[in-house]
Amino acid sequence: AITERMKLMVLVDGSVHSDRAFEKALKMKKPEDDLYITCGCDYADYMTIADSTPMGVAPMVSMEMLEEQRRLQQDYVTHICNRYLEKCKEKKLEKCHANVLTKLGNPKEESLQSAEELGIDTILVGSRGLGTMGRFFLGSFSNYIIHHSKCDVMLCK
């Protein structure tokens, strides 16, 4: 019997909700499947900081400060990915890959772009359970992924 190799992507941020998605991904993953553990964040840039201040002026923000902030954010998301990768190693699972998103931009869009580039079959994402009002005011990462992904998405509660 021929088994189809799948490419799974689990979106993680270190929360209990992404832990549930990760555990579901491990249960779904067959030995021949690839699992991409994906983590990113909204990297700060000068324009974002300027837009968030009164009169659109970024007070005393140097490029060195921004670069340091980006480095710290990148270290943090790399740490998160590696923590999940260690869990795969503890379970002696092969074909698990860390996928740290490092580009400037929206992590929702970056996650979907990465999924498309990697040829992902299914994305697993945790649900924070915001409810209707929370989604209305805060938006929802998982909602964006569900509605904009070109591949299957599994929402894990």
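Above this text is the structure in question.
On a predicted model such as this, the values are computed, not experimentally measured, just so you know.

Caption draft 1: Broad picture of the packing of aromatic side chains. Counted under the stated rule, the structure contains one aromatic pair. It is Arg83 that lies over the ring of Tyr84; its NZ or CZ is 5.2 Å from the centre.

Caption draft 2: Summary view of helix H4 (residues 107-118). With 12 residues, H4 ought to run about 16 Å at 1.5 Å a step, and its terminal C-alpha atoms sit 16 Å apart, in line with that. The set of residues buried in H4 consists of Pro107, Glu110, Ser111, Leu112, Ser114 and Ala115. Note on H4: the residue one or two positions beyond its end, Gly119, has a positive phi of about 70°.

Caption draft 3: Local environment of the sheet that holds strand E3 (residues 96-100). Read across the open sheet, the five strands follow the order E3-E2-E1-E4-E5; overall the sheet is parallel. Where the open sheet ends on each side, the last strands, each with one partner, are E3 and strand E5 (152-156). Strand-to-strand twist of the sheet, defined as the mean angle between neighbouring strand axes without regard to direction, takes the value 25°. Both strand E2 (residues 34-39) and E3 contribute to a ladder of five bridges, which runs parallel. From the neighbouring strand, Ile37 faces E3, where its bridge partner is Ala98. Packed on one face of the sheet, helix H3 (residues 63-90) meets E2 and E3 and runs near 170° to E3.

Caption draft 4: Layout of the nonpolar core. By size, the foremost hydrophobic cluster in this structure holds 20 residues, and its most contacted members are Val10, Val12, Phe22, Leu35, Ile37 and Cys88. Of all the secondary structure elements, the ones that give two or more residues to this core are strand E1 (7-11), helix H1 (16-28), E2 and H3. The leading source of residues in this core is H3, at six residues. Other than its neighbours up to four places away in sequence, Phe22 contacts Val10, Val12, Ile37, Tyr84, Lys87 and Cys88. Tyr36, Leu112, Ile145 and Cys151 belong to the second largest nonpolar core, which has 10 residues in total.

Caption draft 5: The side chain of Ser127, seen in detail. Mapped onto the fold, Ser127 is located in the loop between strand E4 (122-126) and helix H5 (131-138). Leaving out residues up to four positions away in the same chain, Ser127 has contacts with His17, Arg20, Leu155, Cys156 and Lys157.

Caption draft 6: Just the packing of H1 against H3, in detail. The geometry of H1 relative to H3 is characterised by a closest axis approach of 12 Å and an angle of 30° between their N-to-C directions. In this structure, H1 meets H3 at a crossing whose hand is right-handed. Across from Ser18, Asp19, Phe22 and Leu26 in H1, the residues of H3 making contact are Arg83, Tyr84, Lys87 and Cys88. Split by residue class, the contact of H1 with H3 holds four nonpolar, one polar and three charged.

Caption draft 7: Seen up close, the environment of Cys151. One can find Cys151 in the loop between helix H6 (141-148) and E5. For the pair Cys151 and Ala115, spaced 36 residues apart in the sequence, the C-alpha separation amounts to 8.3 Å. Excluding residues within four positions of it along the chain, Cys151 makes contact with Ile120, Asp121, Thr122 and Ile123.

Caption draft 8: Summary view of unusual backbone geometry. For Lys92, which is not glycine, the phi dihedral falls at a positive 60°. Take Lys92: it is sitting in the loop between H3 and E3. Unlike most non-glycine residues, Lys95 shows phi in positive territory, near 65°. Within the secondary structure layout, Lys95 lies in the loop between H3 and E3. For Lys95, a relative accessible area of 35% gives the class partly exposed.

About the cut-offs
- Residues numbered from 1 in each chain as written.
- Predicted model: local features only at pLDDT ≥ 70, side-chain atom pairs only at ≥ 80, totals over all residues.
- Heavy atoms only, no water.
- Phe/Tyr/Trp six-rings, centres within 6.5 Å; stacked < 30°, edge-to-face > 60°.
- Lys NZ or Arg CZ within 6 Å of the ring centre and 35° of its normal.
- Helix = DSSP H or I, 4+ residues; strand = E, 2+ residues; numbered from the N terminus.
- Expected span 1.5 Å × (residues − 1).
- Buried < 20%, exposed > 50% of the residue type's maximum accessible area, 1.4 Å probe, protein only.
- Pairing = 2+ DSSP bridges.
- Axes fitted to C-alpha atoms, helices over the stretch in contact; angles between N-to-C directions.
- Contact = heavy atoms within 4.5 Å.
- Core = buried A, V, L, I, M, F, W, Y, C linked by side-chain atoms within 4.5 Å.
- Left-handed = near helix turned anticlockwise from the far one by under 90°.
- Nonpolar A, V, L, I, M, F, W, Y, C, P; charged D, E, K, R; others polar.

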